[in-house]
Every structure is written in structure tokens, then in C-alpha cells.
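Residue-level structure breakdown
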Amino acid sequence: MTNRCRYVGYGILGLLLLGGCGEESARERAGNEPPAVAQAVQAATPPQPGAVPASALQRQTDEFLEFVPPKRSPQTIELVSMPIAETDVPVIDGVTREPVWTRAAAITTLDFASQRPITLQAVHTAEQIFFRVTYPDAASSETHKSWGWDLRESIYKPMPDREDMFVFKWSLVGNNVHLGLNKAEPHRADIWFWKAHRTNSTGYADDKWQLVSDDFQAKAKELTSPAHGSLFFRRVGDEGLSAYSEKQFYEYQGETLPKYYPRQPQGSRADIRAKGVWEAGYWTIEWARKLQTGHKDDLVLIPGLTYLFGVSCYEIAGDKIHAKWFQPLYRAGDVFDRLLLRIAEKDAS
């Protein structure tokens, strides 16, 4: 048993596929919560092992295997959030049938890695802001790092499947900074991280913050910037409990098993509601968050002001292409256009 734990935690393959920039702290893994929380989570969503469908464990023929050459130069694009009445608030279900979305202005940006078009809309009330995101994806990917049984070594190892995801990256240091990790400069950002497997079933997006600094940081990834030399990149989950737990298996229970299981997020980690639906070659994701969450690790949004942000169809982690992963660009996403959200004030007339 000890050797198996050591292999899964520290083996070479585990470091390659499991590591990276604050992905999930050890204190959040299944079985490590305080007893009262663990009991509540177990009662609400008991982790039931079940085989991952074989169709989900194959690379899709339409996946991007390498970076797509830019279709154009990056631009500055403004997205205007339209004020709406409480009676017009959209349901966060990924369906977007509400009339409010037909009235909201839309912009189209491009994903850095795949150059796919991304359509964004925003509306807000006095207390909440809502987003609608649509982008093409020929097939959905809704499993992540599934466990596969290694017959020779009699242990479970992480498989190369990677989920679809979407990231909002918000500047926490004003509007005059470059948010990308390519040609990076020091900055701090609020990260809204929707994950097709780990968060979507619960109706949330993960909430994190990200720091790029010229000061050395433990457990940080080193970046090389043409203008700033060595920089250190670190991403950390907000205070609270994420929308998923991690489960390991040490005895054989099937050829393939899920690694992540849904749970109710808590604290600042539960600030962002989000639900995505894949249909006819497109993901549509609806988002909702309070303008002011009351948590110190979140961006404060105020009507009348403008905020710098970027988006990505892949995790923004400053990584390289991983050819063996089903989505080789998964951790190689970045910001492309310089996007500005202007939260329009309600017309006093």
C-alpha cells in the first residue's frame, strides 16, 4: 500500500500529468476536509466509482494538436454590460432562451491557441453581473485525468484525457498591464475557471487568483520575459472549498475510473455560478457573479467603470504542448485580445 501511494504521488508520470501551479491543494482532496464538512459532502454527493465510457477516452479527430497561426493582430475590444431589471435576470442553465440575450450587445474575440472565435455578452443588475459565452467545439470533452488500471504494476495511473474549459482572467492591478503569459509582465489577476467535468455538473466555475512577480515564490513556475527577465507565476484557489474533490483507488475496481467527484463549493470559491451546454458543435456557457462579493480575493465591479480582462478556451498556465494528451494545448492557453468591460450605468431618465 505504501509503495502504491508513493508511486501515485511522486512517480514520474504523476509529476507530468498531475503537477502544476496550484491546481488542487492537498488539504482539499477527498478525505482531508474537517469531519463535519466531509460528512455533509458525503451525504450530498457520495463518490460512486463507475467506469468512464470508452468513447470519452479517445482523442477526438478535430482536436487542435498545435498552435494555430494568428488570423489577425491582437486588438483592444470593448464589451458593454447592459443594465437590466431584476425581472429580466437570466437563468444560469446554458440554454440562453431569455429575451435579454437578444438585446445585449455582443463582441467577438479570438482564442490565443486555437484562434477559434469567441462571442461574449454581458448584462447586470444593481447587485449581479451575467455573461454569455459561445464558442465552437466539434465535440465535447467531459472527462479529466481519469484513472486507468496498469496491469503490469497493479496500480491506477492518470490517463491523458483533458476536459473542455473556459477562463476569464481579470486584472487586479488596473487597465494598463499585459495579462498574457507570453511576453509576461508582473501582474495579479482574478481567475474564473469553468471546467466541463470538474465544475459544470454543480453549476459553478472555480474561483482563483493568479500572480506573476519578479520576486521568487515557492512552488511557482518560472517564466522568461523579454522585458523583465525571470518572472514567477503562481495560481491559487480562493478561500473556501472547490466544486470537486479528488479520489484515489488502491484496489482494482474496473479498467477506468473517474478521478474527480462533484461537491458543493463553499466560501469565496463558490462566488461564480456557471453552466455550460454543448450542442451542435458549440459550447454555450452562462455565468453569474455578485458585482461585489465581499471577499478580499475577488475583483470589485462598479457600474460606470471599465475593467481589463482576457479569455481563453484553454487553461492559462504558461505550459508547452503535451503531444500525448487528448487536448495537447490544454495548459498552453493565453490571452489574445485586450478586452475591456464597461459596466454601463442605468439611465436616470
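Report on the accompanying structure. The structure presented is a predicted model; accordingly, all values stated were derived computationally and were not measured. By convention here, each chain's residues receive numbers from 1 onward along its written sequence. Local features in a predicted model are, by the rule used here, given only for residues with pLDDT of at least 70; side-chain atom pairs are given and counted only at 80 or more, and totals for whole chains, interfaces and linings are based on all residues. Excluding hydrogens and water, the side-chain figures rest on all heavy atoms present in the structure.

Section: the overall build of the protein chain
Where we set the bar: Under the DSSP-based scheme used, a helix requires at least four consecutive residues in state H or I and a strand at least two consecutive residues in state E, with every element numbered from the N terminus. Working rule for contacts: check all heavy atoms of both residues, and any pair within 4.5 Å makes them a contact. Surface accessibility follows the Shrake-Rupley procedure with a 1.4 Å probe radius. Residue values consider only the protein chains on display as shielding.
The number of helices and strands found in the protein chain is four helices and 20 strands. Relative to all contacts within the protein chain whose residues are 6 or more apart in sequence, the contacts with residues 24 or more apart total 69%. Counting only carbon and sulfur atoms, one obtains 54% of the accessible surface of the protein chain, whose full area is about 16000 Å².

Focus on the nonpolar core
Where a protein is soluble and globular, its nonpolar side chains tend to be buried together. For clarity, the cut-off: By nonpolar core we mean a set of buried residues, namely Ala, Val, Leu, Ile, Met, Phe, Trp, Tyr and Cys, connected to one another through side-chain atoms within 4.5 Å. Summary of the burial criterion: residues with accessible area below 20% of their type's maximum are buried, those above 50% are exposed, and those between are partly exposed, where the area comes from a 1.4 Å probe applied to protein chains only.
Of all hydrophobic cores here, the largest spans 54 residues; its most connected members are Leu120, Phe131, Phe166, Phe168, Trp194 and Trp287. Listed in part, the eight residues of the second largest apolar core include Ile84, Trp101, Ala104 and Phe130.

Focus: a nonpolar patch on the surface
To keep things clear, this is the line we draw: Like charges are joined within 9 Å and nonpolar side chains (Val, Leu, Ile, Met, Phe, Trp, Tyr) within 5 Å, but only among residues with over 30% relative accessible area and no salt bridge; these make up the patches. Here, a salt bridge means any Lys or Arg side-chain nitrogen found within 4 Å of an Asp or Glu carboxyl oxygen.
A surface patch of nonpolar side chains, about 220 Å² in accessible area, is lined by Val300, Ile302 and Leu305. By relative accessible area, which is 41% here, Leu305 ends up partly exposed.

Concerning the environment of Thr256
Within the secondary structure, Thr256 is located in strand S14 (residues 256–257). Classification of Thr256 as buried rests on a relative accessible area of 13%. Along the primary structure Thr256 and Trp147 are separated by 109 residues, whereas in three dimensions their C-alpha atoms are 5.4 Å apart. Setting aside chain neighbours within four positions, we find Thr256 in contact with Gly50, Ala51, Val52, Leu57, Trp147 and Met159.

Section: the pairing of strand S2 (residues 106–110)
This is how the line gets drawn: When DSSP finds two or more bridges between a pair of strands, those strands are recorded as paired.
Pairing of S2 with strand S3 (residues 117–124) involves five bridges; the strand directions are antiparallel. Across the sheet, residue Ile107 finds its bridge partner in S3, namely Leu120. In this antiparallel pair of consecutive strands, S2 and S3, the connection spans six residues, and Gln115 shows a positive phi of 60 degrees.

A closer look at the environment of Ser171
Counted only if it meets this: Two N or O atoms form a polar contact when they lie within 3.5 Å of each other; inside protein one atom must be a possible hydrogen donor and the other a possible acceptor, and for residues adjacent in sequence the pair counts only when both atoms belong to side chains.
Positionally, Ser171 belongs in strand S7 (residues 165–171). Taking the C-alpha atoms as reference points, Ser171 and Leu308, 137 residues apart in sequence, are found 5.7 Å from one another. Not counting residues up to four positions away in its chain, the partners in contact with Ser171 are Val177, Leu179, Arg188, Leu299 and Leu308. There is a polar contact of 3.1 Å between the side chain of Ser171 and the backbone nitrogen of Val173.

Focus: the pattern of salt bridges
Pairing between side chains becomes possible if they bear opposite charge and their charged atoms approach one another. Taken as a whole, this structure holds 15 salt bridges when the rule is applied. Salt-bridge contacts for Arg198 lead to Glu163; the nearest nitrogen and oxygen are separated by 2.6 Å. Residue Arg198 is found in the loop between strand S8 (187–195) and strand S9 (206–213), and its partner Glu163 is found in the loop between strand S6 (155–158) and S7; the two are separated by 35 residues along the sequence. Residue classification places Arg198 among the buried positions, given a relative accessible area of 1%. When the shortest N-O distance is used, the salt bridge between Arg235 and Glu315 registers 2.3 Å. Of this pair, Arg235 sits in strand S11 (residues 229–237) while Glu315 sits in the loop between strand S19 (306–312) and strand S20 (338–343); the two residues are 80 residues apart in sequence, bridging distant segments of the chain. By relative accessible area, Arg235 is classed as buried at 1%. A cluster of three or more residues bridged by salt bridges with shared partners is formed by Asp150, Arg152, Glu153 and Lys157.

With respect to the pairing of S8
Side-chain positions along a regular strand alternate between the two faces of the sheet. Within S8, eight of the nine residues are buried, leaving the element largely enclosed by the surrounding structure. Taken together, the seven bridges between S7 and S8 define a ladder with antiparallel strand orientation. Bridge pairing links Ser171 to Ala189 in S8.

Overview of the sheet that holds strand S5 (residues 147–150)
Paired through their backbone hydrogen bonds, the strands of a sheet run either parallel or antiparallel. Spatially, three strands are ordered S6-S5-S14 in an open sheet, and the strand pairing comes out antiparallel. Each edge of the open sheet carries a strand with a single partner, namely S6 and S14. Pairing of S5 with S14, which is carried by two bridges, proceeds in the antiparallel orientation. The partner of Trp147 across the bridge, within S14, is Leu257.

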